[in-house]
Every structure is written in structure tokens, then in C-alpha cells.
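Chain residues, written in single-letter form:
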Amino acid sequence: MRWAPTRGEGWPQPGGGGGSDSPQPVPVSDLTGVPLVPPRGVSAGAGTHDRARVPSPVLCASGQAPLGVRAHFPRLGSLHPPFSSLLPSQADDTDDGPAPGTPGLPGSMGNPKSEDLEVPDREGLQRITGLSSGRSALIVAVLCYINLLNYMDRFTVAGVLPDIEQFFDIGDSSSGLIQTVFISSYMVLAPVFGYLGDRYNRKYLMCGGIAFWSLVTLGSSFIPRERFWLLLLTRGLVGVGEASYSTIAPTLIADLFVADQRSRMLSVFYFAIPVGSGLGYIAGSKVKDVAGDWHWALRVTPGLGVLAVLLLFLVVREPPRGAVERHSHSPPLSPTSWWEDLRALARNPSFILSSLGFTAVAFVTGSLALWAPAFLLRSRVVLGETPPCLPGDSCSSSDSLIFGLITCLTGVLGVGLGVEISRRLRRSNPRADPLVCAAGLLGSSPFLFLSLACARGSIVATYIFIFIGETLLSMNWAIVADILLYVVIPTRRSTAEAFQIVLSHLLGDAGSPYLIGLISDRLRQGWPPSFLSEFRALQFSLMLCAFMGALGGAAFLGAAIFIEGDRRRAQLHVQGLLREAGPADDRIVVPQRGRSTRVPVSSVLI
């Protein structure tokens, strides 16, 4: 228990009157800084014996004080809502800083007034992480290179998909199954690496996963035409490398930087997703043209993967988990059980709703990534601008090249635009992050629909609408990642990344390529065979993407309702001011026989 003066709320001191004009000592909780109203029968005098009889409440993870404490301290209620009655709101424009000796909570991307909070400077970060600013930036550069490589490999297959269909003599549904098998494997393995990433050395986990992925990708380029099932198997095994990296790399960045520095580094990291995807289309189409064989397109990324493993091993160092977000006097966070982690994440509405919104992004991007080049090729065939892809001939790769360039450009533009708009809006609206994500998804849906509707009349109009739609869609990447990092505590972030990957791929791009192909094949069954029927079937099936984008925008709007409270609870937990407990917990921590012991509140008050 500590005592602190407040203005106009003083209690009379023994032997003297107290008024609202003169500051008086008021009992303040050690944990929240909130003046407490004493229970009946407990004196507020200056004697230390009397003060010790007023217990210092320990807040529960639900945002509530224990039941017994709330019964005696009516002013100590729920943190959410109204959380702002206990701590300064991030949207408050007040000149009052933290009380002397009480450091502010560390900022994050989601803090609209992070300059009012205690954020480590460059020297402070170096002292905490043991890494210089240059070394930390180099680590992020290596992680960006590997992220670019991962997405480049993922979409190389889409760049040569017409050739793969012709080589193995498969239809649209089987072509969609290639991506579905890969995403399904990636989705299943993500929780495994998420659990390991929260508990073991992340650097070595990534090295092993990427080395395995490189070997399997190289092996997939030597499969004969009668072994299509073997291609599916190898694409599934490629998911090992992606799962080992995607669940862990963002948490390394979170442990190296904080506040606006973290935002900038995450935006750079997620630039690699659209740029790598575009390079996958470009590399696939160009390497195939140069070598005269699509198999060589799959042999580019394995060599680059060997370089990635060497860079990981030589450059990357493991920073302490969550250290940059703790005060110097705060105890280090300890991992909890995997089941307890999942329960805590399930009770985090901002995390759940933002993950559902990101699922819609994954559904749309997964569908477009595999089917857009094929759709554009069929559109040009119907318009008479290019010859059809016949058995024994090499399919035209110009659409894969153009779509890859569009993906690169819109990715850089969209990610940068989303981060900058969110940063500016956060100054006046603490809910800016999910609102910008919602605007991006809701805005992209009509443009994607128009791109499909115009393909029968003008390929130029189709490219223009795809450019606008993908730009708006790309605004989500870095913002969604940062939402996760500031509403989830450091010891659960890899698990949260894994859970988000499972959810977004299970309901998103794991099934969307196959679903689009299946709908296309079913529509073609009722139409006479022709190039026009192939085009119209794929056109109608891709229109499902516009509807899914609208649903994702609604999920982000829901996340905006809860984002402030969930962010503050995560900050309090990191500072040791919030403990894990159920809402009905009625026990507090008190000193007993030289050590801290949890006892019922009623026994202390009596």
C-alpha cells in the first residue's frame, strides 16, 4: 500500500481538518493508482498499522477486481468498461504525465499518444536486447528477405499453372487442389511451431524449417507426369518451412522494437508479401521462357533458400521475450500451458474478430493468386487478343508477368498507404487500425467485382480495377499483424500467430482455390464446350471474392468496438499489474510467514 496526494479528494488527517483546497494523503492502490474508499470500520488515519489493514487488490485478467474487494471498494470496478476511469485514456488530451516514480505504460503501434508513454530510446533498446540498432535492423532485413522468398516460392506455381495443367492433364478443380494441399499442411503445422516458438530458440526452429522446405521444393521439380499425387505430397511438405517461419518471425521483430519503431519495421517486413508474390509470377513465367521448361521455375527458390539458412545462422540473435515492453522493476513473463494460452486468446474479442477479418483477406488473395493469371488468359482468348493454350504448345505467360508486376506495385503502395493512414488517424481516433482495415476490405470488393464484369469487354479496364482493388486489399497486411502484437502478451504471440494462421487458412485460402475451381467445373458441365464457357464459368465463380471481402470488413468493424480495452489489458499484464484469473476469483496475494500467499479476501478483512 502506498499513499499519494490527490487534488480535492483528501481525507482529514488526525488532529487537523482537510478540505478540497488543500492536498491530503489518500490511500492509493499499489497496482492502479486509484484512490480507494476504505471499508467501514477501517480507519484512514496516518498510522501504518491501520493502513496495512486495507488490502491492495490484484486485478483479474477479465478486468475485474476480485469479488470480495469489489464489495468493500465500490470505486474499484470493472476495467472494461469503464476502463478509462482507472487509467488515463489514450485519447485524452491532458498535460498530466505519470506520477513521479510511476513510469508510463510502453507504447505500441496502437497508441495514438505514444509520446506520452515511456518508450525506450535507441540506447535503452540496445541495453535491453543486447543488440545495437544496426544489428537489429540487419536482423529485420534478413527476415524480410526470407519472407519475400517464402511468398515468391508460393506463387511461382501460380505463374506456370496453365503449363502444369497441360503437363499433368488435369482440370480446374485438381489445379486448385495444389494450393489447397499446401495451405492445409501449413495450417496444421502452424500451431506446432507456434507452441515451440513461445518456448524454445526461434532462430534454430526457422533454420531447420527453411532447410527442409528448400530440399522438398527442389525435389518437386523432378516429378514425372504420371505422378500428380506426388506433386501434391511435396507441396504439402513445403508447408513445414512456411509454418516454421511465419509464426515466429513477427514475434522476433516485436521483441526488438516498440511503438512507432515496431510499426515501421513491421510495414517493411510485410512489404515482402505482395512483392514476393509478384516476383513469384514474374520468376515463374520468365524462367520458363528462358529455359523452355516450366520445371526450372521451381528450382530457383531452393538455391536462394540455402542462402537464407546461412544468413539466419550467422546474423540473427535471439532477443529476450517481451523485455522491451516491461519496466525495469517488472518481473519477467513466464510461459503458461498451451491450453491456457488458447483459452486466453478465445476470450480476446479484438484478436478473434481481426483474425476473422484477415480470413476474408486470405480467401480473396488466395483465390486471385492462383486463378487471376488463368482468368486473364481466358479473357484475352475470348477477346481474340491471344491464341488458346492447346495440348503440346507452350501457354502464353504475358498475363502472369503483368499480374505479377501489378501485385508488386499494389503491395508496396497498399501496405505503405495503410500504415500511413492509420498512423495519422490514431492521433484523433484510437480505433484507427481496425477501421482502416475495414475500409480497405469494403472498398476493394466493388472494384474486384468490376474487374470481373469488365473482362468480357476490355482487358485494360480489368487491369485498372484489379490495380485499385489489390491496393485497397493490401492495406491490411501490416496493420493486422500489429493489432495482434499489441493485444496479445509476448509469451503468447507465437501461439496467437499460429491460431490466426489456422483460422485464416482453414476458412480462407486453404479451400478457396479449390472451391473456385470446383464451382467453375460444375458450371461448365451444363454448358456446351467452348473457350467462352471456360471464361464465363471462372468469371462467375471468382465473384464470390467480392462477397467475402464485404464480410471481412464487417468483422474489422466489430474489432473496433473492443480494441481499446484489449490493448490496455495486454499492457497491464506485461507490467505485472494484471494477473490471470477467472472473473469469479475471490482470492488476493498477501505476505504471510515471509512469502506471498493467496488467501480469501474475507479472511484478510476480518
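Every value quoted in this text rests on a predicted model; they were computed, and no experiment measured them.

About the cut-offs
Residues numbered from 1 in each chain as written. Predicted model: local features only at pLDDT ≥ 70, side-chain atom pairs only at ≥ 80, totals over all residues. Heavy atoms only, no water. Helix = DSSP H or I, 4+ residues; strand = E, 2+ residues; numbered from the N terminus. Contact = heavy atoms within 4.5 Å. Areas by Shrake-Rupley, 256 points an atom, 1.4 Å probe, with all protein chains shown as cover. Axes fitted to C-alpha atoms, helices over the stretch in contact; angles between N-to-C directions. Parallel < 35°, antiparallel > 145°, perpendicular 65-115°, else oblique. Left-handed = near helix turned anticlockwise from the far one by under 90°. Nonpolar A, V, L, I, M, F, W, Y, C, P; charged D, E, K, R; others polar. Buried < 20%, exposed > 50% of the residue type's maximum accessible area, 1.4 Å probe, protein only. Phe/Tyr/Trp six-rings, centres within 6.5 Å; stacked < 30°, edge-to-face > 60°. Expected span 1.5 Å × (residues − 1). Bend = angle between axes of the 7 residues up to and from the residue. Patch = residues over 30% accessible without salt bridge, like charges linked within 9 Å, V, L, I, M, F, W, Y side chains within 5 Å. Salt bridge = Lys/Arg side-chain N within 4 Å of Asp/Glu carboxyl O. pLDDT = per-residue confidence, 0-100.

**Some words on the overall build of the protein**
Next up, step 1: A tally of helices and strands in the protein yields 22 helices and six strands.
Next up, step 2: At a minimum sequence separation of 6, the contacts of the protein that also span at least 24 residues come to 79%.
Next up, step 3: Taken as a whole, the protein presents about 24500 Å² of accessible surface, with 63% of it coming from carbon and sulfur.

**Points about the side chain of Thr156**
Next up, step 1: Examined against the element boundaries, Thr156 turns out to sit in helix H4 (residues 133-159).
Next up, step 2: Those residues in contact with Thr156 that lie beyond four places of it in its chain are Gly280, Gly284, Ala297 and Leu298.

**Points about the environment of Arg524**
Next up, step 1: Within the fold, Arg524 resides in helix H19 (residues 512-525).
Next up, step 2: Remark: the alpha-carbon pair of Arg524 and Arg536, spanning twelve residues in sequence, is separated by 8.5 Å.

**Side note on the side chain of Ser474**
Next up, step 1: Inspection of the secondary structure puts Ser474 in helix H16 (residues 459-474).
Next up, step 2: Those residues in contact with Ser474, other than ones at most four positions away along the chain, are Thr410, Gly411, Gly414 and Val415.

**As for the packing of helix H13 (residues 349-382) against helix H17 (residues 477-487)**
Packed helix pairs are specified by the crossing angle of their axes together with the interaxial distance, meaning the distance between the axes.
Next up, step 1: As a packed pair, H13 and H17 sit with axes 10 Å apart at the nearest point and diverge in direction by 155°. Accordingly, the angle class assigned to the pair H13 and H17 is roughly antiparallel. The handedness of the crossing between H13 and H17 is left-handed. Here H13 contributes Ser350, Phe351, Ser354, Phe358, Val361 and Thr365 to the contact with H17, which in turn contributes Trp477, Val480, Ile483, Leu484 and Val487.
Next up, step 2: A breakdown of the residues in the contact of H13 with H17 according to their chemical character gives eight nonpolar, three polar and no charged.

**What about unusual backbone geometry?**
Negative phi characterises most residues that are not glycine, and trans characterises most peptide bonds.
Next up, step 1: Residues other than glycine seldom take positive phi values, yet Asp169 does so here, at roughly 55°.
Next up, step 2: Locating Asp169 in the fold gives a position in the loop between helix H5 (161-168) and helix H6 (172-197).
Next up, step 3: Given the relative accessible area of 70%, Asp169 is considered exposed.

**Brief notes about the packing of aromatic side chains**
Next up, step 1: This structure, assessed with the given rule, holds ten aromatic pairs.
Next up, step 2: Relative to Phe535, the ring of Phe375 has its centre 5.4 Å away and its plane inclined at 20°; by these criteria the two rings are stacked. Placement of Phe375 in helix H13 and of Phe535 in helix H20 (residues 531-542) is noted, with a sequence separation of 160 residues between them. The exposure classification of Phe375 matches that of Phe535, with both residues buried.

**With respect to helix H21 (residues 544-574)**
Each α-helix winds once per 3.6 residues, and so residues spaced three or four apart point in a common direction.
Next up, step 1: Taking 1.5 Å as the rise per residue, H21 with 31 residues should run 45 Å; its terminal C-alpha atoms sit 42 Å apart, in good agreement.
Next up, step 2: Most pronounced at Phe562, the bend in H21 amounts to some 50°.
Next up, step 3: By the criterion of burial, H21 is predominantly enclosed, with 23 of the 31 residues buried.

**Examining a nonpolar patch on the surface**
Next up, step 1: A surface patch of nonpolar side chains, about 560 Å² in accessible area, is lined by Tyr204, Val306, Leu310, Phe313 and Leu314.
Next up, step 2: Of the residues forming the nonpolar patch, the biggest block, four residues, is contributed by helix H11 (residues 300-315).
Next up, step 3: The topology assignment puts Val306 in helix H11.

**Quick look at the confidence of the model for the protein**
Next up, step 1: When pLDDT is averaged along the protein, the result is 74; 70% of the residues meet or exceed 70.
Next up, step 2: Averaged pLDDT values for the elements of the protein fall to 38 in helix H1 (residues 48-52) and rise to 93 in helix H15 (residues 432-453).
Next up, step 3: Considering only residues more than four positions removed or in separate chains, one finds that residues 1-117, a stretch of pLDDT under 50, has 228 contacts.
Next up, step 4: Residue range residues 582-586 is modelled with pLDDT below 50. Its contacts to residues more than four positions away, or to other chains, number 15 contacts.

**Description of the environment of Trp294**
Next up, step 1: Within the secondary structure, Trp294 is located in the loop between helix H10 (259-291) and H11.
Next up, step 2: Residue Trp294 is classed as buried on the basis of its relative accessible area of 6%.
Next up, step 3: Along the sequence, Trp294 and Ser221 sit 73 residues apart, while their C-alpha atoms lie 8.8 Å from each other.
Next up, step 4: Look past the residues within four positions of Trp294 in its chain and what remains in contact with it is Val160, Asp163, Ile164, Phe167, Phe168 and Lys288.

**Regarding the pattern of salt bridges**
Where charged atoms of side chains with opposite charge meet at close range, the side chains can pair.
Next up, step 1: On inspection of all chains with the given rule, the structure shows 15 salt bridges.
Next up, step 2: The salt bridge partner of Arg492 is Asp341, with a shortest N-O separation of 2.8 Å. Placement of Arg492 in the loop between H17 and helix H18 (493-509) and of Asp341 in helix H12 (residues 338-346) is noted, with a sequence separation of 151 residues between them.
Next up, step 3: Overall, the relative accessible area of 0% leaves Asp341 in the buried class.
Next up, step 4: When the shortest N-O distance is used, the salt bridge between Glu420 and Arg424 registers 2.8 Å. Pair noted here: Glu420 and Arg424 are both in helix H14 (residues 398-425), with a separation of four residues, about one helical turn.

**Comments concerning the packing of H13 against H15**
Next up, step 1: Packing of H13 against H15 leaves a shortest axis separation of 13 Å and a crossing angle of 20°. The angle between the axes of H13 and H15 places the two elements in the roughly parallel class. Once H13 is placed against H15, the crossing between them reads as left-handed. Contacts from Gly357, Ala360, Val361, Val364, Leu368 and Phe375 in H13 reach Leu441, Leu448 and Leu452 in H15.

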